[in-house]
Amino acid sequence: MTLPVLYSFRRCPYAIRARLALAAAGIGVDHREVSLADKPAAMLAISPKGTVPVLQLDDGRVLDESLDIMRWALARCDLQGWLAAAPAEVQDALIRRNDVDFKPLLDRYKYAERHPERTRAEWREAAVAAHLADLEARLSRGPALCGDRPSLADAALFPFVRQFAGVEPDHAALAPLPNLCRWLEGWLASPLFAAVMDKYPPWRVAAA
Ligand SMILES: N[C@@H](CCC(=O)N[C@@H](CS)C(=O)NCC(=O)O)C(=O)O
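Residues numbered from 1 in each chain as written. Predicted model: local features only at pLDDT ≥ 70, side-chain atom pairs only at ≥ 80, totals over all residues.

Enquirer: I'd like to hear about the nonpolar core, residue by residue, with values.
Expert: Judged by nonpolar contacts, the single largest core of 56 residues is most densely connected at Ala21, Met70, Ala127, Ala153, Leu157, Val161 and Leu180. Listing elements by their share of this core, those giving two or more residues are β1 (5-8), α1 (13-24), β3 (54-56), α3 (66-76), α4 (88-110), α5 (120-139), α6 (152-165) and α7 (178-188). For this core, the leading source of residues is α6, giving 10 residues. Counting only domains with at least three residues in this core, you end up with domain 1 (5-81) and domain 2 (88-192). (Core = buried A, V, L, I, M, F, W, Y, C linked by C-beta atoms within 7 Å. Buried ≥ 20, exposed ≤ 12 C-beta atoms within 10 Å, placed from the backbone. Helix = DSSP H or I, 4+ residues; strand = E, 2+ residues; numbered from the N terminus. Domains from an automatic or database assignment.)

Enquirer: I'd love a proper account of the pairing of strand β2 (residues 30-33), names of residues and values included.
Expert: Where β1 and β2 come together, 4 bridges link them in parallel fashion. Within β2, the position partnered with leucine 6 by the bridge is histidine 31. Each parallel crossover has a hand, and the one from β1 via α1 to β2 is right-handed. (Pairing = 2+ DSSP bridges. Right-handed = clockwise from strand over helix to strand, strands pointing away.)

Enquirer: I'd like to hear about the site of the ligand, residue by residue, with values.
Expert: Every residue close to the ligand is listed here: Phe9, Cys12, Tyr14, Leu36, Gly50, Thr51, Val52, Pro53, Glu65, Ser66 and Leu67. When the residues that make up the shell around the ligand are grouped by side-chain class, the tally is 7 nonpolar, 3 polar and 1 charged. (Near = placed C-beta within 6 Å. Nonpolar A, V, L, I, M, F, W, Y, C, P; charged D, E, K, R; others polar.)

Enquirer: Before we move on, could you go through the domain arrangement of the protein chain and cite the residues and values that matter?
Expert: Parsing the protein chain into structural domains produces domain 1 (5-81) and domain 2 (88-192). Here domain 1 and domain 2 have C-alpha centroids that lie 22 Å from each other. The partner domain 2 presents 10 residues to the 12 residues of domain 1 that form the contact. Going through the elements one at a time, α1 and α3 are the ones with two or more residues in the side of domain 1 that touches domain 2. The dominant element in the side of domain 1 that touches domain 2, judged by the number of residues it contributes, is α1, at 7 residues. Residue composition of the side of domain 1 that touches domain 2, grouped by class: 9 nonpolar, 2 polar and 1 charged. (Contact = placed C-beta atoms within 7 Å.)

Enquirer: For α3, give the residues involved together with the corresponding values.
Expert: Every buried residue belonging to α3 is among Ser66, Ile69, Met70, Ala73 and Leu74, and all of these are buried. End-on, the buried residues of α3 take up no more than an arc of 120°, which puts them together on one face. Turned more than 90 degrees from where α3 packs its buried face, Ala75 and Arg76 sit exposed. Lining the buried residues of α3 we find α1, β3, β4 (62-63) and α6. (Arc of directions from axis to C-beta.)

Enquirer: How would you summarise the packing of α4 against α5 if you had to cite specific residues and measurements?
Expert: At a minimum axis distance of 8 Å, the contact between α4 and α5 shows a crossing angle of 165°. The orientation of α4 relative to α5 falls into the category roughly antiparallel. Judged by the twist between their axes, the crossing of α4 over α5 is left-handed. Contact residues: Arg97, Asn98, Asp101, Phe102, Leu105, Leu106, Arg108 and Tyr109 in α4; Arg120, Trp123, Arg124, Ala126, Ala127, Ala130 and His131 in α5. Residue composition of the contact of α4 with α5, by class: 8 nonpolar, 2 polar and 5 charged. (Axes fitted to C-alpha atoms, helices over the stretch in contact; angles between N-to-C directions. Parallel < 35°, antiparallel > 145°, perpendicular 65-115°, else oblique. Left-handed = near helix turned anticlockwise from the far one by under 90°.)

This is the structure we're talking about:
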């Protein structure tokens, strides 16, 4: 049986969430590390929009949205019960707010020099107000975003909170959000995260 092919970029939060779900489902992949500055023609041929992650299944189907990859993997094998850990509509709303509202503010906070209409601190506060303050409140009530057990939403949001925490040294921006900080540290220390952060050289087509 041929493994599904995963085009991925190590630090991309969308690729990380896809790799977490694939690993949580115990699904092995043929990993192809992509340089975003020099995307492989083989990837663009199956997904012209040119974003990672892209998963090519052995029946030829192509999944080129991170959430589709997560849901496909967990539909095959949800060993950790991520789908059932909370109602789908609650998880979907958290993910939508992360991707639609928070991500643009995260980018402005991270690259504040390109967005001088607000200071870095103001972008940070906007990101907290739009999303992270609610995550903090949720995590003051239980160890995971939707209660006792991690859900798909926890895995889908974690790489973005990781990126937020990494903008300033020592995760300083998370100091006012102690429960979110504890949750992040739990994910960072998890064997699952370690398992998806292997380093690969950029993939090249093997010479004939
Ligand atoms: N909606 C897509 C977004 C994926 C995405 O934007 N990935 C970034 C990397 S983090 C990318 O590939 N950008 C294209 C580029 O930088 O050229 C998904 O969820 O998979």
